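# Observations on the three-dimensional arrangement
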Amino acid sequence: MEVRDLHPWPSTPEEAEAIQDRLRPMLELGVPGPANPRTVAGLDVSYAGDGGGTGARLAAAVVVLDAATLDVVEESVAVGTAAFPYVPGLFAFRELPTLLDALRALDTTPDLLVCDGFGVAHPRRFGLACHLGVLTGLPAIGVGKTAFVGAYDAPGRRRGDASPLLDGGEEVGRVLRTRDDVKPVFVSVGHRTDLDSACRAVLAVTPDYRLPETTRRADRLSRDALGGRRRATAPSSTSAR
């Protein structure tokens, strides 16, 4: 699938923040997402060891599922290294080069990207799901296991109950219960969708567990690649970072 080259890869936090600021106006927010997506892609990254520091080995996986059956349509995984240090709010720059290698190797262009991370629920309103959405032009959402920014009241106890995630008086996401009496997830918009559409999509791909099947299967694929149980389908290019 096609991914646009819209910026060079930064070497400093200041350069990375400038890229986020430059790309943010390209976001399409508040528009309805795909009503009946045929395919939904999950994206996740696993790290070898503790994952800290520049040069940590990582595997980025993309799993495309049939939205109706949740059967696997296509998989892609790339192995590389983190060429950017860990800086809160700039974590995407550690993972994006290898994630983009995995996306470029896909024959399928999915209708929706579901990221293990955040969209506008981010200090600069430009998390991983936003960045991926702008670079691919695809609708994208983030599903986090914990909140990165904002405050919230606990949603109701039942599957589908939700409450606003608020930061500075702005609703930047939703706290969504995906199973009865189980900890919620944190849904935020990345690109070309809205919160209502995002929450519907998350519930549709989360039939049995707390986390979406998109995330669960991409996580397993990336871990298998690091453990040598699956060959990467797209080698990462460290020179591009």
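In the nomenclature of an unreviewed UniProt entry, the chain is known as Endonuclease V of Actinomadura nitritigenes. UniProt annotates the chain under Catalytic activity (unreviewed entry) with the comment "Endonucleolytic cleavage at apurinic or apyrimidinic sites to products with a 5'-phosphate." Quoted straight from UniProt, the Sequence similarities (unreviewed entry) entry for the chain says "Belongs to the endonuclease V family."

As a further point, take the packing of aromatic side chains. All told, the structure shown has 6 aromatic pairs when counted by the stated rule. Pairing Tyr86 with Phe91 gives two aromatic rings, centres 5.4 Å apart and planes at 75°, and the pair type is edge-to-face. Owing to a relative accessible area of 53%, Tyr86 belongs among the exposed residues under this scheme. An aromatic cluster is built from Trp9, Phe84 and Phe93, whose rings are joined through pairwise contacts. One residue, Arg216, lies across the ring of Tyr209, its end atom 3.7 Å from the ring centre.

In this section: the packing of helix 2 (residues 92-104) against helix 3 (residues 128-136). Where helix 2 meets helix 3, the closest approach of the two axes is 11 Å, and the angle between their N-to-C directions is 40°. What the angle tells us is that helix 2 and helix 3 run oblique. The handedness of the crossing between helix 2 and helix 3 is right-handed. Residue-level contacts link Ala92, Phe93, Glu95, Leu96, Leu99, Leu100 and Leu103 of helix 2 to Leu128, His131, Leu132, Leu135 and Thr136 of helix 3. Residue composition of the contact of helix 2 with helix 3, by class: 9 nonpolar, 2 polar and 1 charged.

This next bit is on helix 4 (residues 195-204). Turning to helix 4, its buried residues number three or more, namely Leu195, Ser197, Ala198, Cys199, Ala201 and Val202. Taken together, the buried residues of helix 4 touch strand 4 (112-115), strand 5 (140-144), strand 7 (170-176) and strand 8 (185-191).

Okay, the UniProt feature "site: Interaction with target DNA" (unreviewed entry) in the chain next. Taking the numbering used here, the UniProt-annotated feature "site: Interaction with target DNA" (unreviewed entry) corresponds to Tyr86. Mapped onto the elements of the fold, Tyr86 is located in the loop between strand 3 (72-81) and helix 2. If we skip the residues at most four places from it in the chain, Tyr86 touches Phe91 and Arg94.

Mapped onto this numbering, the UniProt entry annotates "binding site: Mg(2+)" (unreviewed entry) at Asp44 and Asp116. The annotated residues occupy 73 residues of the chain but converge on a single region, no pair of C-alpha atoms lying more than 5.7 Å apart. As for its position among the elements, Asp44 is in strand 1 (residues 39-47). Note on Asp44: relative accessible area 6%, which makes it buried. Residues within four places of Asp44 in sequence aside, it is in contact with Ala59, Ala60, Ala61, Leu99, Asp116, Thr215, Ala218, Asp219 and Ser222.

The next thing to look at is unusual backbone geometry. Trans is the prevailing form of peptide bonds, just as negative phi is the prevailing case for residues other than glycine. The backbone of Leu70 shows a phi angle near 65°, a positive value even though the residue is not glycine. In this structure, Leu70 sits in the loop between strand 2 (57-66) and strand 3. The exposure class of Leu70 is buried, given its relative accessible area of 10%. Even without being glycine, Asp181 reaches a positive phi, approximately 60°. Structurally, the position occupied by Asp181 is in the loop between strand 7 and strand 8.

Definitions and limits used
- Residues numbered from 1 in each chain as written.
- Predicted model: local features only at pLDDT ≥ 70, side-chain atom pairs only at ≥ 80, totals over all residues.
- Heavy atoms only, no water.
- UniProt positions renumbered as here; feature names shortened; annotations may be inferred.
- Phe/Tyr/Trp six-rings, centres within 6.5 Å; stacked < 30°, edge-to-face > 60°.
- Buried < 20%, exposed > 50% of the residue type's maximum accessible area, 1.4 Å probe, protein only.
- Lys NZ or Arg CZ within 6 Å of the ring centre and 35° of its normal.
- Axes fitted to C-alpha atoms, helices over the stretch in contact; angles between N-to-C directions.
- Helix = DSSP H or I, 4+ residues; strand = E, 2+ residues; numbered from the N terminus.
- Parallel < 35°, antiparallel > 145°, perpendicular 65-115°, else oblique.
- Left-handed = near helix turned anticlockwise from the far one by under 90°.
- Contact = heavy atoms within 4.5 Å.
- Nonpolar A, V, L, I, M, F, W, Y, C, P; charged D, E, K, R; others polar.

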